[in-house]
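Here is how the chains run, residue by residue.
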Amino acid sequence: MKLENPTTHSVSADALALEHFWMPFTANRQFKQAPRLLAGAKDMHYTTPEGRKILDGTAGLWCVNAGHCRAPIVEAIQRQAATMDFAPTFQMGHPLVFEAATAVAEVTPEGMDRVFFTNSGSESVDTAMKIALAYHRARGEPSRRLIIGRERGYHGVNFGGTAVGGIPGNRKTFPQLMAIVDHLRSTHDMARNAHSRGMPAHGAEFADELERLVTLHDASNIAAVIVEPVAGSTGVLLPPKGYLERLREICTKHGILLIFDEVITGFGRLGTPFAADFFNVRPDMMTVAKAINNAAIPMGAVIVDNRIHDTVIDATPVGGIEFMHGYTYSGHPMAAAAVIATQQLYKDEQTFARAAAIAPYFEDAVHSLRDARHVIDVRNLGLVAGIELAPRAGAPGKRAYEAFVKCFEMGVLVRTTGDIFALSPPLIIEKSHIDQLVSMLRDALGTVE
Ligand SMILES: Cc1ncc(COP(=O)(O)O)c(C=O)c1O
């Protein structure tokens, strides 16, 4: 079916052919019966095609940290689209991609300033896994091929990330994708840690399980451990106090690389540039995407410890390609322009410090939901919060889904995973928005059985 005017953003669902777009991570048939559309966005709000304003409680998908359609980013992309739409980065370069890498390197931990560009978090994860293998091979230990993830971890949807991820629903259609993964257990322990403010007190010892896996597989076969410092997509699971430090210690002891998947936590979500800074734990690589350029154009990156970079590079004689990997769009000019503008905006507006300053207010507000209907746990850190509901008997996820739809009807966008609400607003959120977000969520919970 041809649309009258397919570029009109205010076109309503009734005028659209919905069958052609196979929607990702969506109940397609249910959605297409009752679509929810967004057509415009500015700062803290979306607008629907009918002109309703929706408060964005999720920064899109944990990614629009500076708020929507910010002028410096929009202008940088527009300028670049008219100057040079595309240029290859294989055996060629363009100035912006080097400037973008430099802008990112300015906020990364000391000695971690080598940047490999990708187009998404999933690609960043698979790239980091390959770098880990390349590094050990370059060091003369090619047997180190096993990558250890964690139950309930989310590392995107490519084959590597799906295998090392630990969300059962994501894996069950694609079992045993790669023989070379294993998993730590999840750190989630609601019996001991429910309603913790900030980092939970109990569970540092979950890291000791890595010693068990080292005994089982032998360190000489293990390349890397990958974890989200704060697990987001699985429903906001926070690291217990001391857990990440312990994981770091055990990795170092056995020569295993530690990769932090900072696709959600990178660029200010916890009030610091990275979760690595917040927890003061130094990984060997960080995978990022999303807020690297405020999600304005698809972009991801692997941020690599200089020592690892140098080891891989130096293993090949000068003139040889050192790492046989890359994407057509690695460092796409428009994405790179958006990175430079976004990083400058974060600096000019002190976005990360602002997030840190408002985090205590956000914490109090979300914990006020402790007595809201169905709530069994509230957890938070920085500008991220998880609110877990008791599942409806025999219908897990349904209660949260209905409350999510209700929220959208009331004018706020939240995200659910199973029976957990995940809140991750743009970092420019004001107190009045936090009040609105929490009160609408409470009201919505009151309406669902
Ligand atoms: C921790 C983490 N890793 C990887 C990804 C995958 O990123 P993308 O959807 O850009 O491929 C996500 C997405 O939410 C994520 O949260």
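Remember, predicted model here, so these are calculated numbers, not experimental data.

What counts and what doesn't
Residues numbered from 1 in each chain as written. Predicted model: local features only at pLDDT ≥ 70, side-chain atom pairs only at ≥ 80, totals over all residues. Heavy atoms only, no water. Helix = DSSP H or I, 4+ residues; strand = E, 2+ residues; numbered from the N terminus. Rg over C-alpha atoms; globule rule 2.2 N^0.38 Å. Buried < 20%, exposed > 50% of the residue type's maximum accessible area, 1.4 Å probe, protein only. Contact = heavy atoms within 4.5 Å. Pairing = 2+ DSSP bridges. Polar contact = N/O pair within 3.5 Å; in protein donor to acceptor, adjacent residues only side chain to side chain. Arc of directions from axis to C-beta. Axes fitted to C-alpha atoms, helices over the stretch in contact; angles between N-to-C directions. Left-handed = near helix turned anticlockwise from the far one by under 90°. Nonpolar A, V, L, I, M, F, W, Y, C, P; charged D, E, K, R; others polar. Near = heavy atom within 4 Å. Areas by Shrake-Rupley, 256 points an atom, 1.4 Å probe, with all protein chains shown as cover. pLDDT = per-residue confidence, 0-100. Parallel < 35°, antiparallel > 145°, perpendicular 65-115°, else oblique. Expected span 1.5 Å × (residues − 1). Salt bridge = Lys/Arg side-chain N within 4 Å of Asp/Glu carboxyl O. Phe/Tyr/Trp six-rings, centres within 6.5 Å; stacked < 30°, edge-to-face > 60°.

Regarding the overall build of the protein chain
What the protein chain contains, in helices and strands, is 16 helices and 15 strands. By the compact-globule yardstick of 22 Å for 449 residues, the protein chain fits well, its C-alpha radius of gyration being 22 Å. Taken along the three principal axes of its C-alpha coordinates, the protein chain extends 60 × 55 × 45 Å. Within the protein chain, the proportion of its 449 residues that are buried is 55%. Taking all contacts inside the protein chain whose residues are at least 6 apart in sequence as the whole, residues at least 24 apart take part in 73%.

Concerning the pairing of strand β15 (residues 420-423)
Neither face of β15 is left uncovered, since the one carrying I420 and A422 and the one carrying F421 and L423 both have all their residues buried. With four bridges connecting them, strand β12 (residues 384-389) and β15 associate as antiparallel partners. Looking at β15, one finds that I387 is bridged to F421. Where strand β14 (residues 415-417) and β15 come together, three bridges link them in antiparallel fashion. Residue T416 lies in a different strand from β15, and its bridge partner there is F421. The antiparallel pairing of β14 with β15 creates a hairpin that spans two residues between the two strands, and G418 there sits at a positive phi of about 55°.

Some details on unusual backbone geometry
One non-glycine residue, C69, lies in positive phi territory at about 50°. Phi is positive for Q91, which is not a glycine, with a value near 55°. Mapped onto the secondary structure, Q91 falls in the loop between α3 (71-83) and α4 (95-105). Assessed through its relative accessible area of 67%, Q91 is described here as exposed.

Looking at the side chain of D56
In this fold, D56 is placed in strand β3 (residues 53-56). Within the structure, D56 has its side chain in polar contact with the backbone nitrogen of T58 (distance 2.9 Å). A distance of 3.0 Å separates a polar atom in the side chain of D56 from the backbone nitrogen of A59.

A few points about helix α9 (residues 209-217)
Within α9, the full set of buried residues consists of E209, L210, L213 and V214. All buried residues of α9 project into a common sector of 150° when viewed along the axis, lining one side. Contacts from the buried residues of α9 go to β5 (146-150), β6 (181-184), β7 (222-227) and α10 (243-254). Looking one or two residues beyond α9, the residue adopting positive phi is D218, at roughly 75°.

Here we look at the packing of α4 against helix α13 (residues 333-349)
Interaxial distance between α4 and α13 falls to 8 Å at its minimum, and their mutual angle equals 35°. You can see that α4 and α13 cross each other, and the crossing is left-handed. Facing L96, V97, E99, A100, A103 and V104 of α4, the residues of α13 in contact are P333, A336, A337, V339, I340 and Q343. Grouping the constituent residues of the contact of α4 with α13 by class yields 10 nonpolar, one polar and one charged.

A few points about the site of the ligand
Every residue near the ligand is listed here: S120, G121, S122, Y154, H155, G156, E228, S233, D261, V263, I264 and K290. Note that an oxygen atom of the ligand is positioned 2.8 Å from one of the backbone N or O atoms of G121. Within the side chain of D261, a nitrogen or oxygen atom sits 2.7 Å from a nitrogen atom of the ligand. Considering the ligand on its own, with 390 Å² of exposed area, one finds that the protein chains cover 83% of that surface.

A closer look at the confidence of the model for the protein chain
Detailed reading of the predicted model is not advised wherever pLDDT is low. Residue-level pLDDT values for the protein chain average 96, and 97% of them are 70 or greater. The least confident element of the protein chain is helix α7 (residues 168-171), whose mean pLDDT is 90; the most confident is strand β8 (residues 257-261), at 99. Counting contacts from residues 1-8, a segment whose pLDDT is below 50, to residues more than four positions away or on other chains yields six contacts.

Comments concerning the packing of α9 against α10
α10 packs onto α9 with a crossing angle of 25° between their chain directions and a minimal axis gap of 9 Å. With respect to α10, the axis of α9 lies roughly parallel. At the point where α9 passes α10, the crossing takes the right-handed sense. Here L210, E211 and V214 of α9 come into contact with α10, specifically with L247, I250, C251, K253 and H254.

Some points on α13
With 17 residues, α13 extends 24 Å between its outermost C-alpha atoms, agreeing within 8% with the 24 Å of an ideal straight helix rising 1.5 Å per residue. Within α13, 12 of the 17 residues are buried, which leaves it mostly tucked inside the rest of the structure. For α13, the full list of buried residues reads P333, M334, A335, A336, A337, A338, V339, A341, T342, Q343, L345 and Y346. Where α13 is buried, its residues touch α3, α4 and α14 (351-367). Among the residues trailing α13, Q350 stands out with phi positive, at a value near 50°.

With respect to the pattern of salt bridges
All chains considered together, the criterion is met by 25 salt bridges. When the shortest N-O distance is used, the salt bridge between R192 and E205 registers 2.8 Å. Of this pair, R192 sits in helix α8 (residues 190-193) while E205 sits in the loop between α8 and α9, and the two are 13 residues apart along the sequence. Given the relative accessible area of 39%, R192 is considered partly exposed.

With respect to the packing of aromatic side chains
According to the stated counting rule, one finds seven aromatic pairs in the structure shown. Measuring from ring centre to ring centre gives 5.1 Å for F267 and F274, while their planes differ by 65°; the resulting arrangement is edge-to-face. Look at F267 and you get buried, because its relative accessible area is 0%. When the ring of Y346 is compared with that of F352, the centres are 5.0 Å apart and the planes differ by 50°; the resulting orientation is tilted.

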